[in-house]
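The lines below spell out each chain.
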Amino acid sequence: MLIDDLGFSDLGPFGSEIDTPHIDGLADDGWVFTNYRTAPMCSPARAALLTGLNPHRAGFGFVAHIDPGYPGFSCELPEAAPTLAESLRAGGYATFMVGKWHLTLESRLHDGADRSTWPLQRGFDRYFGSMDGFTSLHHPHRLVQDNSVVDVREYPDGFFLTDELTDRAIGMIDDLRVNEPDKPFFLYYAHTSVHGPIQAKDVDIEKYRGRYEAGWNRMREERFARQQERGIVPPHAELPAEALADGDAIPAWDDLPEEDRRLFARHMEVYAAAVDEIDQSVGRLLERLDRSGERDNTIVIIASDNGGTAEGGPTGTRSYFAQFGSHGGMPAGWVTDVPRDVDDIGGPRLFGQYPTGWARVSNTPFRSFKATTYEGGVHAPLVISWPDAPMPGGLREQFVFVSDLAPTVLELCGVPALEERHGRSALDMDGGSIVEVLADAAADGREAQYFECVGRRALVDGPWKALSTVPPTRDDGPEGGVWELYNLAADPTETVDLAHAHPEVVTALAARWHEEAWRNTVFPSTIRERCSACAPTPRSRCPLRSTSSRSDRRWRGSALPSSPCCAPSRSRSTSRPLRTPRV
């Protein structure tokens, strides 16, 4: 289950006050990952999740809108990249999907379009949901069932998309069991919530009325305290101060007039209700599996596609489509928050988005938001549950990236990744299975990963993270510009910039980011101008640390030729589970 725009701290196991009892139960008996990272935006994360490739190699350096003609930004999954669904289907699984797809170009979403990039053509037996990036939960603008647009003249009273998606998911399982009681299945449930417009049902909003009157400053501190108490963040971690944590865009709650506090609290009440409804969907699915005796042998994975978003701005909005994507400048007098009755927020008449102050709470304890390469944009919750697993669960602190999930699922299910697709040799996965991490809390995790989003760059390698918030100029070159440097082991919330203290580390990480950018088609061309540059700097010359064979294997690229045709070897499954699990 992939949740949209959910912040690191928005679920109970990660410090939230929002009621998520069913996800809490999965965490209690499963694995909770405190160091899981994803792409800074939604489509890139979804592409990496389904293919095991890094986002740009999967064709998604940006969200699925248009193809500018560059390999890493085609906004289409590569022909030679089998999806997780395609491999599992070849391994004997039924494959279902409900919810948000967002992996097809806008020009190929219409009724007469080429459907080669639609869910059914990418490995799913059945599909129901929204192909677009977001929609209304009360009155979705366009729903697709399998390969056809659903003809809805009018939605019935009380219709709500989260409930409908859950009904459809359960229905797909029911239909399978009527005909094939023992066939394993893979269900990919991609919630449209809590992406804007943020909406919820009245009964759930009412449950949270008054819970956020204390304001975002206190709620952030309380979440942070719970995180430290539960070991989600280390004791030495610091909550970034206002100057670092976008304080210029977030007024102090106690300084706000009463009218604003009421408006802003309502926005968060709706957001909390929407998260609660996601948990309800988990509960309904688990209850269905319990009834048929399948729960214990079902692997459940809960994750978010990126960090919480600041799209709502300092005051939030009741007019999401007037605010969304308006960064290029709007006409004088343009109203980004049409004043409407506060109690209508969350309902079918308004398209709301919560203010930046609440987004910062969602991303506690980290800085910044979705679409940035700070931890607030890429650090997300991850919970894995499998009651029948041959190894116990627990807290895991190892670095895991979104592209590691596909090879992990394949190994747990005992299904090999497809070696070819449509007559083409399959691209080798960038991700690696984390089954060893599930089995052993002391096992090594991933060593390194690059990030890029609209020119914002970052690279994590061991304890170090280098990032640059501004795209480099032509004169700067791809390694140039202003870089920040953080020691995440000592400073996991990025509060102390060490760039001036360790310029040699910045230089090494910037060069390594450059190598990874070439290998992952971040740049417009796949052909390097200087042949001598195709061989990366040997790790023995890196000032960061000595290298073991284990960390070489976990480093996705720096020890390999950077030519696009030379990618890491695909992780292989070498054993089958005791019983074929559902996913």
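Residues numbered from 1 in each chain as written. Predicted model: local features only at pLDDT ≥ 70, side-chain atom pairs only at ≥ 80, totals over all residues. Heavy atoms only, no water.

**Description of the overall build of the protein chain**
Then step 1. In terms of regular secondary structure, the protein chain is built from 14 helices and 18 strands.
Then step 2. Across the 583 residues that make up the protein chain, the buried fraction comes to 61%.
Then step 3. Taking contacts inside the protein chain between residues at least 6 apart in sequence as the whole, the part at least 24 apart equals 75%. (Helix = DSSP H or I, 4+ residues; strand = E, 2+ residues; numbered from the N terminus. Buried < 20%, exposed > 50% of the residue type's maximum accessible area, 1.4 Å probe, protein only. Contact = heavy atoms within 4.5 Å.)

**Quick notes on the pattern of salt bridges**
Then step 1. All chains considered together, the criterion is met by 42 salt bridges.
Then step 2. Residues joined in a network through salt bridges with shared partners are Asp-4, Arg-46, Lys-100 and Asp-305. (Salt bridge = Lys/Arg side-chain N within 4 Å of Asp/Glu carboxyl O.)

**Some thoughts on the side chain of His-102**
Then step 1. Considering the arrangement of structural elements, one finds His-102 in the loop between strand S4 (94-100) and strand S5 (126-130).
Then step 2. You can call His-102 buried: its relative accessible area is 6%.
Then step 3. When near neighbours in sequence (up to four residues on either side) are disregarded, His-102 contacts Cys-42, Ser-43, Arg-46, Phe-60, Val-63, Ala-64, Met-131, Asp-132 and Gly-133.

**Describing the sheet that holds strand S16 (residues 456-461)**
Then step 1. With antiparallel pairing, the 4 strands of this open sheet are ordered in space as S15-S16-S17-S18. Of all the strands in the sheet, just strand S15 (448-453) and strand S18 (484-487) have a single pairing partner and so form its edges. Each strand axis lies, on average, 10 degrees off the axis of its neighbour in the sheet, ignoring direction.
Then step 2. Lying over the sheet, helix H13 (residues 503-519) contacts S15, S16, strand S17 (464-468) and S18, oriented at roughly 110 degrees with respect to S16. (Pairing = 2+ DSSP bridges. Axes fitted to C-alpha atoms, helices over the stretch in contact; angles between N-to-C directions.)

**Observations regarding the layout of surface pockets**
Then step 1. Taken as a whole, the second largest pocket holds about 570 Å³ of empty space.
Then step 2. Along the wall of the second largest pocket there are 25 residues; nearest its centre are Asn-35, Arg-37, Glu-397, Leu-488 and Ala-489.
Then step 3. The residue makeup of the lining of the second largest pocket, split by class, is 11 nonpolar, 8 polar and 6 charged. (1 Å grid on protein atoms, 1.4 Å probe; cavity = no way out; pocket = protein on both sides within 12 Å on 5 of 7 lines; lining within 4 Å. Points joined across faces, edges and corners; volume = space filled by probe spheres on them. Nonpolar A, V, L, I, M, F, W, Y, C, P; charged D, E, K, R; others polar.)

**Some remarks on H13**
Then step 1. The end-to-end C-alpha distance of H13 is 25 Å, a good match for the 24 Å that 17 residues give at a rise of 1.5 Å each.
Then step 2. Most of H13 sits out of view: 13 of its 17 residues are buried.
Then step 3. Of the residues flanking the end of H13, it is Thr-521, one or two places downstream, whose phi is positive at about 55 degrees. (Expected span 1.5 Å × (residues − 1).)

**What about the pairing of S5?**
Then step 1. The buried fraction of S5 is high, at 4 of 5 residues.
Then step 2. Taken together, the 5 bridges between S4 and S5 define a ladder with parallel strand orientation. Following the sheet pairing, Lys-100 is matched in S5 by Ser-130.
Then step 3. As paired strands, S5 and strand S6 (residues 144-145) are joined by 2 bridges and run antiparallel to one another. Following the sheet pairing, Gly-129 is matched in S6 by Val-144.

**Topic: helix H1 (residues 21-29)**
Then step 1. Here H1 has its buried residues at Ile-23, Leu-26 and Ala-27. All buried residues of H1 lie within an arc of 100 degrees about the axis, which places them on one face of the element. What points out from H1, more than 90 degrees from its buried face, is the exposed set Pro-21, Asp-28 and Asp-29.
Then step 2. Tucked inside the fold, the buried residues of H1 contact strand S2 (31-33), helix H7 (258-291), strand S9 (300-304) and strand S10 (382-385). (Arc of directions from axis to C-beta.)

**Some words on the packing of aromatic side chains**
Then step 1. In total, this model carries 20 aromatic pairs according to the counting rule given.
Then step 2. Ring geometry for Tyr-155 versus Phe-159: centroids 4.5 Å apart, planes at 35 degrees, classification tilted. The residues Tyr-155 and Phe-159 share a single accessibility class, namely buried.
Then step 3. Over the ring of Phe-399 we find Arg-37; its NZ or CZ atom is 4.5 Å from the centre of that ring.
Then step 4. The side chain of Arg-115 reaches across the aromatic face of Trp-118, ending 4.4 Å from its centre. (Phe/Tyr/Trp six-rings, centres within 6.5 Å; stacked < 30°, edge-to-face > 60°. Lys NZ or Arg CZ within 6 Å of the ring centre and 35° of its normal.)

**Some remarks on the packing of H1 against H7**
Any two packed helices are characterised by the angle at which their axes cross and by the distance between the axes.
Then step 1. Where H1 contacts H7, the two axes come as close as 7 Å, and the packing angle between them is 65 degrees. Packed against H1, whose contacting residues are Pro-21, His-22, Ile-23 and Leu-26, the element H7 presents Asp-279, Gln-280, Val-282, Gly-283 and Leu-286 at the interface.

**Some details on the environment of His-379**
Then step 1. For His-379, the location among the structural elements is in the loop between helix H10 (375-378) and S10.
Then step 2. With relative accessibility at 5%, the residue His-379 sits in the buried group.
Then step 3. It is 6.5 Å that separates the C-alpha atoms of His-379 and Thr-38, two residues lying 341 residues apart in sequence.
Then step 4. In this structure His-379 touches Phe-8, Thr-34, Asn-35, Tyr-36, Arg-37 and Phe-366, once residues within four positions along its chain are discounted.
Then step 5. A distance of 2.8 Å separates the side chain of His-379 from the backbone oxygen of Thr-34, its partner in a polar contact. (Polar contact = N/O pair within 3.5 Å; in protein donor to acceptor, adjacent residues only side chain to side chain.)

**Comments concerning empty space enclosed by the protein**
Then step 1. All told, the structure shown has 5 cavities of 30 Å³ or more when counted by the stated rule.
Then step 2. Reported here for the largest cavity is a volume of approximately 410 Å³.
Then step 3. Along the walls of the largest cavity sit 24 residues, with Met-1, Leu-187, Val-300, Ile-301 and Val-583 positioned nearest its centre.
Then step 4. Counting only elements with at least two residues in the lining of the largest cavity, the list comes to helix H2 (42-51), strand S8 (185-190), H7, S9 and helix H11 (405-413).
Then step 5. In terms of residue class, the lining of the largest cavity is built from 23 nonpolar, 1 polar and no charged.
Then step 6. Estimates place the volume of the second largest cavity at around 80 Å³.

**Quick look at unusual backbone geometry**
Then step 1. Residue Gly-196 is joined to Pro-197 through a cis peptide bond whose omega torsion reads -5 degrees.
Then step 2. Looking at the secondary structure, you find Pro-197 in the loop between S8 and helix H5 (202-207).
Then step 3. In this structure, the amide linkage connecting Thr-364 to the following residue, Pro-365, adopts the cis form with an omega of 10 degrees.
Then step 4. Its location among the elements puts Pro-365 in the loop between helix H9 (356-362) and H10.
Then step 5. Even without a glycine there, the phi angle at Cys-75 is positive, about 60 degrees.
Then step 6. The topology assignment puts Cys-75 in the loop between H2 and helix H3 (84-90).
Then step 7. The backbone phi angle of Asp-146 is positive, close to 55 degrees, even though this residue is not glycine.
Then step 8. The topology assignment puts Asp-146 in the loop between S6 and strand S7 (148-149).

**Some words on the pairing of S16**
Then step 1. With 5 of its 6 residues buried, S16 lies for the most part within the structure.
Then step 2. Sheet topology places S15 next to S16; 6 bridges connect them, and they run antiparallel. Counterpart to Cys-453 in the pairing with S16 is Arg-456.
Then step 3. Count of turn residues in the S15/S16 antiparallel hairpin: 2 residues, of which Val-454 carries a positive phi of about 45 degrees.

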